[in-house]
Amino acid sequence: MRALGPRGGGRGGSAAGSSRPQGALRAPPPPKRRCGVPRQQEACLSLLPGSAMGISLASGHPVRHSWSQMRRLVGSCGTWRPQSAAPEQRRPCRAAVRPWLCPGSALHTARPRCQEVPLTCERYGLRRLPFARLSRGDVAFFESLMPGRACTNPEELKSFNVDWLKSVRGCSELLLKPKTAAEVSQVLRYCHERNLAVSPQGGNTGLVGGSVPVFDEIILSTALMNQIISFDPVSGILVCQAGCILEELHEYLEERGFIMPLDLGAKGSCQIGGNVATNAGGLRLLRYGSLRGTVLGLQVVLADGTVLDCLTSLRKDNTGYDLKQLFIGSEGTLGVITAVSILCPQKPKAVNLAFLGCQDFSRVQETFTTCRAMLGEILSAYEFMDEKCMELVEKHLGLSNPVRGSPFYVLIETSGSNSTHDEEKLNSFLEQAMTSGLVTDGTVAVDDKKIKTLWSLRERITEALTRDGCVYKYDISAPVGKLYDLVTDMRARLGQSAKNVVGYGHLGDGNLHLNITAESYSHSLLDAIEPFVYEWTARHNGSISAEHGLGFKKKQFIQYSKPNEAIFLMQRFKAMLDPRGILNPYKMLPSSP
């Protein structure tokens, strides 16, 4: 690993200056294992001594150093605002008069581990739509359809009823685990005829409450739909079922010299079907683009059980409407994705990761402009985070920051086919960044273990935040020059009422993750955040959801990013494809007037 020393006059002090605030969705308790944290990050992370390459600022040429002389990493082990309904209007979430009614889970406050997550329907004073209620006859049908895979055990249902953030909880009484599209078709055909609501669920790693029931919807899990159907090593096209875990697909492809075009911090738990259904962005969208470009085909089961087989493996098909785009990002409201065809890039032969410190956000932007120009085709990721993020990662997770004293930090990843070529380009960029004062300090990793350790500083920020108390999370996109203004504006707006206000994200994509922590949930704090955060975003021509989706928590704010005409057209698509509204109800779209 290389260490880049600070130039000249020391390293800077505090966070960036003033500007505008933004809000965020509310994230409860610290995660347990199903949290979606990549498996390799759960272990204690530390770097062993060795030799590495460094940059001599005096000569500008690479020089050799022993590891003991290098800087080391030492590892160790927005919520949708509830409407205040009058007491007489509140209705308890009665799943039905049944012996297997699911009991409670755990509440999202400053000390969430000791309390329960309140039922979503009760917390938000919601009324259940007129869907049929589950009967013993219904359960008997599903048990005969998939013996041993129709679960009514309240203990097993608990984790499927609560989201990863422990912020919303449904009261479903039935969990179904089909293995094939044919079984999904039979389930939905039956539910459509009986008017039973269904909540499709993948890895349940979402952050906007879109993957768990609101009331007693049947949970349709794709966890057992985990088969790889085919892979073509010539074209790099993978066809697999929707329940395949993203990290396992990475491992399968790496053995064959390819990688997935998508990489997320939750890759150890999230499923490719859920990734597509939410149009997940991830850490390397800058290099490989969005799923709207890499997904070639889908197999989808519609609400009435019709199987729509558009699972093409063609890169060019200009016949008729591109129907798959309707389901990418639809969050399970238009159909259940059961299989995916996706274009996968070849595995890079050389990967480097630089972790650098910058004195202000303008230098973060200038560094991006410079590295994009100088690194060109080998630039695969550009992430930024403020010093508050690093403080929380160190405090709550025990990870070590190798570059201290900077108000901002950036992670720059390069990936290519020629290590010598890539190192020369990276060295040239780093020399330029250091000598021009864009970067004051840094370190570079070239081997897999050290690269994973540096990435964990970025990927585990969400986990650190959940350990800091009650979290209000927001995921917006806006012009890059304005991104961090929202964080500084929010700090100024909230003052001492918030514990921490932090900002990090994918600068190359214009995507900011704004997170606000507090000791416990507060209506007054939420009122100070929302709708201010959405108004700020709309005023700067941004989107209130860059990659997390709308789910349950943000559906009522879609008008800040979409005109009424577009929302009305979306509602018409929903009514056409799911006329009874049984697929993932209460999610994504605002209620029709």
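Shown above is the structure to which this text applies.
What counts, and where the lines are drawn
- Residues numbered from 1 in each chain as written.
- Predicted model: local features only at pLDDT ≥ 70, side-chain atom pairs only at ≥ 80, totals over all residues.
- Heavy atoms only, no water.
- Helix = DSSP H or I, 4+ residues; strand = E, 2+ residues; numbered from the N terminus.
- Buried < 20%, exposed > 50% of the residue type's maximum accessible area, 1.4 Å probe, protein only.
- Areas by Shrake-Rupley, 256 points an atom, 1.4 Å probe, with all protein chains shown as cover.
- Salt bridge = Lys/Arg side-chain N within 4 Å of Asp/Glu carboxyl O.
- Pairing = 2+ DSSP bridges.
- Axes fitted to C-alpha atoms, helices over the stretch in contact; angles between N-to-C directions.
- Contact = heavy atoms within 4.5 Å.
- Lys, Arg positive; Asp, Glu negative; His and termini not counted.
- Polar contact = N/O pair within 3.5 Å; in protein donor to acceptor, adjacent residues only side chain to side chain.
- Arc of directions from axis to C-beta.
- 1 Å grid on protein atoms, 1.4 Å probe; cavity = no way out; pocket = protein on both sides within 12 Å on 5 of 7 lines; lining within 4 Å.
- Points joined across faces, edges and corners; volume = space filled by probe spheres on them.
- Nonpolar A, V, L, I, M, F, W, Y, C, P; charged D, E, K, R; others polar.
- Core = buried A, V, L, I, M, F, W, Y, C linked by side-chain atoms within 4.5 Å.
- Patch = residues over 30% accessible without salt bridge, like charges linked within 9 Å, V, L, I, M, F, W, Y side chains within 5 Å.

## Remarks on the overall build of the protein chain
A tally of helices and strands in the protein chain yields 19 helices and 20 strands. Expressed as a percentage of the 593 residues in the protein chain, the buried residues total 60%. Total accessible area on the protein chain is roughly 22,700 Å²; 51% of this is exposed by carbon and sulfur atoms.

## A few points about the pattern of salt bridges
Under the definition given, this model contains 25 salt bridges. A salt bridge links R467 to E463, with the shortest nitrogen-to-oxygen separation between them at 3.2 Å. Residue R467 is classed as partly exposed on the basis of its relative accessible area, which comes to 34%. Judged by its relative accessible area of 7%, E463 falls in the buried class. Ionic contacts of the salt-bridge type, sharing partners, join the residues D263, K267, R284, E413 and E459 into one network.

## Notes on the sheet that holds strand β12 (residues 307-310)
The five strands are arranged β9-β10-β13-β11-β12 in an open sheet whose pairing can be described as antiparallel. With one partner strand each, in any of the chains shown, β9 (228-232) and β12 form the two edges of the open sheet. Going from strand to strand, the sheet's axes swing by 10° on average, the running direction of each strand aside. Pairing of strand β10 (residues 237-241) with strand β13 (residues 336-343), which is carried by five bridges, proceeds in the antiparallel orientation. Note on β13: the bridge partner recorded for C240 is V340.

## Let's talk about helix α16 (residues 485-494)
Residues that lie three or four places apart on an α-helix share one face, since the helix turns once every 3.6 residues. The buried count for α16 comes to seven of ten residues, which makes it a mostly enclosed element. Buried within α16 we find D485, L486, V487, T488, D489, M490 and L494. Buried residues belonging to α16 abut β15 (379-386), β18 (470-477), β19 (500-506), β20 (511-518), α17 (523-529) and α18 (532-539). Remark: G495 follows α16 within two positions and exhibits a positive phi of approximately 55°.

## Some details on the side chain of K554
Tracing the backbone through its elements, the reader meets K554 in the loop between α18 and α19 (564-577). Comment: no salt bridge for buried K554; closest opposite-charge side chain is D475, at 4.9 Å. A polar contact of 3.4 Å, which involves the side chain of K554, links it to the backbone oxygen of I544.

## A closer look at the side chain of D163
Examined against the element boundaries, D163 turns out to sit in the loop between α4 (154-161) and β6 (175-176). A polar atom in the side chain of D163 sits 2.7 Å from the backbone nitrogen of S167. In contact with D163, not counting residues within four places along its chain, are V168, N204, V212 and K553.

## A closer look at the pairing of strand β17 (residues 441-445)
β17 sits mainly inside the fold: five of its five residues count as buried. Burial of β17 is two-sided: the residues D441, T443 and A445 facing one way and the residues G442 and V444 facing the other way are all buried. Relative to β17, strand β14 (residues 350-358) is paired through five bridges, and the arrangement is antiparallel. The residue of β17 that forms the bridge with F355 is T443.

## Regarding the sheet that holds strand β8 (residues 218-221)
In spatial order, the strands read β5-β6-β8-β7; together these four strands make up an open sheet with mixed pairing. Unpaired on one side and paired on the other, β5 (150-151) and β7 (198-201) mark the two borders of the sheet. With four bridges connecting them, β7 and β8 associate as parallel partners. Its bridge partner being in β8, S199 is matched across the sheet by I219. Contacts between α4 and the sheet are confined to β5, β6, β7 and β8, with β8 contributing the most and set at about 75° to the helix.

## As for helix α6 (residues 246-254)
Of all the residues in α6, the buried ones are L246, E247, L249, H250 and L253. Taken around the axis of α6, the buried residues stretch over an arc of 160°, which confines them to a single face.

## Quick notes on empty space enclosed by the protein
Space inside the second largest cavity adds up to approximately 70 Å³. Lining the second largest cavity we find R128, F131, A132, R133, L134, L196, A197, D216, E217 and I218. The class makeup of the residues in the lining of the second largest cavity is six nonpolar, no polar and four charged.

## Things to note about the nonpolar core
The biggest cluster of nonpolar side chains holds 55 residues, and the ones touching the most others in it are I412 and L514. The next biggest cluster of nonpolar side chains, apart from the first, holds 36 residues, and it includes Y124, A150, C191 and L196.

## Some words on a nonpolar patch on the surface
On the surface, L569, F573 and M576 cluster together into a nonpolar patch covering about 290 Å² of accessible area. Tracing the backbone through its elements, the reader meets M576 in helix α19. Relative accessible area serves as the criterion here: at 56%, M576 is assigned to the exposed category.

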